[in-house]
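# Coordinate analysis (summary)
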Amino acid sequence: MIALIARDSNLIGLLYLVTIICFILALRFLSSPKHARRGNWIGGVGMIIAITSTLLLDGIGNWVLIIVAAAIGAGVGFFGARTVKMTAMPQMVALFNGVGGGAAALVALAEFHIATAGLPTTASVSTVLSALIGSISFAGSMIAFAKLQELLSGRPITFPAQNLFNIAVLAATVALGISLVAGVHDQWVLWLLVVLALLFGVLFVLPIGGADMPVVISLLNAFTGLAASATGFVLSNTVLIVAGMLVGASGTMLTLLMAKAMNRSVTNVLFGAFGQVQAGAGTGMLADDGRTVRATTPEDVAVQLSFASKVVIVPGYGMAVAQAQHDVRQLAELLEEKGVDVKYAIHPVAGRMPGHMNVLLAEANVPYDALKEMDEINPEFPQTDVALVIGANDVTNPAARHDTASPIYGMPILDVDKAASVIVMKRSMNPGFAGIDNELYLEPQTTMLFGDAKDSVVKLIAAVKQT
Amino acid sequence: MNLSVVIELTILALAIFLGFEVISKVPAMLHTPLMSGTNFIHGIVIVGAIIVLGEANDTFLQVIGFVAMMLATANVVGGWFVTDRMLEMFKKRPEPKRESAPK
């Protein structure tokens, strides 16, 4: 035992305060990409202070176990962080949400085990909350990970009376929680609560489709933060309370922003099983009013792009799947050399997590000032010669503006259809994750370039070089 | 630390407002690094894991503490390195390129 710091001393409280300040600064520095990296370093220093001072507390032993567990965890974490592809970032974030939630739930279980008799009310409330939220976050994140990694279908998985069943599971979980707070001190009750909470975590993410993932990942992020904060109450630990709550606030804010970007309430995302409405009605629109989809060739597109004065690139999940971001950047640079003004239009929910497209394009060395947010770029579409849609679908669907029957009605979209000409790069005519036809494809100014986004962009680069 | 619940709740309430205040200044462009950065911050449960494992005096607690410690360390280390890797990529347009795009 090292035991340099007494458990109840002011010293440990002050050290944790330093950590709290470091974390707040880390988030504060994220307000600009210029200083963001420095902020992360400050956060890292804060974490090291918290870990070191906790290890120096009196009563800390089991050093071999601590070192072995930390070595395994650090190895896995480091290896994962280093090797993960930027396109797989949503899965990675889901995974980290999950492990954090899992750790919080385990700490709560352990504290409950240590307390031999009934806990005081605050301690039992926070133990129950920490175990409950942590378990939901763990199981939910694992399902989100499986969906994003395509181990499970990205489409909503539904069964009859699903919402009713989910609510029943949640109600049973809460009932167990209340009985624990009311004084039942039986470990099996808490274990049962954890099992039910895990089940609920699985159930509540299963019916959520791929396009709604940005909302769910943000929500799970908030849950993990709240679980950590609840653990702070269990241990009477300020740094856990504050840091957990900062994450909770961040996750909540992102959840609301993402839901707003889809013009849907969070409850609608969670319980609406989006995509059900029109699933199967996939290609019915083609015969609608005699308008048809026109296919084009890379050569034609290359000519259009080369002689344009303003091109806006609209990336979506399709670009991420095809890993086409580097080729897209190359194409954009080629066009810029020809004197074309090239910008990127980023929809807030393009991709599978908040900011997904920005990270991919940053990886491909696209300067961040070329990336324009929706409100900034929309007024520019009428002056745009060519809008090049690369693997984006629902975020460009004009039906969101006028078709009150459409499930995406009211969702703010990129006004791609206002450009003089629109080229849509797409694998096939299959509808997007929302399962809705995109009437943009039938507009007279739209032509389709079918094929894998990466192949198509590579062909485009070759063709542009020859024009 | 011996804090009364009231003080803890006060801290919590202030943290909520502070959290919203700070996060609202993060631009949409950095939302993915924000998520992975907050991933890293909730890795602070490692403090709880250390206390549980460090004080574990029966097999049950050792197993639970060991797993918690493993998960939390993976969370901290992975979250930090992923965020650092991502933030390193965000670059401004280099000056000479502006000249080659006359408009």
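Residues numbered from 1 in each chain as written. Chains lettered and ligands numbered in written order. Predicted model: local features only at pLDDT ≥ 70, side-chain atom pairs only at ≥ 80, totals over all residues.

### Concerning the sheet that holds strand β3 (residues 371–373) of chain A
Residues and elements named next belong to chain A. Let me state the cut-off plainly: Pairing between two strands is assigned when DSSP locates at least 2 bridges connecting them. In this text, helices come from DSSP runs of H or I with a minimum length of four residues, and strands from runs of E with a minimum of two, each type numbered from the N-terminal end. To get an axis, a line is fitted to the C-alpha atoms, and for a helix only the part in contact is used. The angle between two axes follows their N-to-C directions and goes from 0 to 180 degrees.
Strand order in this open sheet of six strands is β3-β2-β1-β4-β5-β6, and the pairing throughout is parallel. What marks the edges here is a single partner per strand, and that holds for β3 and β6 (446–450). The mean inter-strand angle of the sheet, taken between neighbouring strand axes irrespective of direction, is 25 degrees. Taken together, the five bridges between strand β1 (residues 310–315) and strand β4 (residues 386–390) define a ladder with parallel strand orientation. When the bridges of β4 are listed, P315 appears paired with I390.

### Here we look at the interface of chain A and chain B
Operational definition: It is the C-beta atoms, placed from the backbone, that decide contacts: two residues are in contact if theirs lie within 7 Å. For this scheme, ten residues count as nonpolar: Ala, Val, Leu, Ile, Met, Phe, Trp, Tyr, Cys and Pro. Four count as charged, namely Asp, Glu, Lys and Arg, and the remainder, Gly too, count as polar.
Listed per partner, the contact involves 101 residues of chain A and 83 residues of chain B. For the side of chain A that touches chain B, the leading source of residues is helix α9 (residues 238–261) of chain A, giving 16 residues. Taken together, the residues of the side of chain A that touches chain B sort by class into 57 nonpolar, 34 polar and ten charged.

### Some remarks on the packing of helix α4 (residues 89–114) of chain A against helix α2 (residues 31–42) of chain B
Rules: With respect to orientation, any angle under 35 degrees is reported as roughly parallel, any angle over 145 as roughly antiparallel, any angle of 65 to 115 as roughly perpendicular, and every other angle as oblique. Handedness of a crossing is defined here by the sense of rotation of the near helix relative to the far one, left-handed for an anticlockwise turn of less than a right angle and right-handed for a clockwise turn.
Viewed as axis vectors pointing N to C, α4(A) and α2(B) meet at an angle of 20 degrees, and their least axial separation amounts to 9 Å. Here α4(A) is positioned roughly parallel relative to α2(B), judged by the angle of their axes. Remark: the crossing between α4(A) and α2(B) carries left-handed chirality. Facing α4(A), whose interface residues are A:M89, A:V93, A:F96, A:N97 and A:G100, α2(B) presents B:T32, B:M35, B:S36, B:N39 and B:H42. Tallied by class, the residues present in the contact of α4(A) with α2(B) amount to four nonpolar, six polar and no charged.

Any functional reading would require information beyond the geometric quantities listed.
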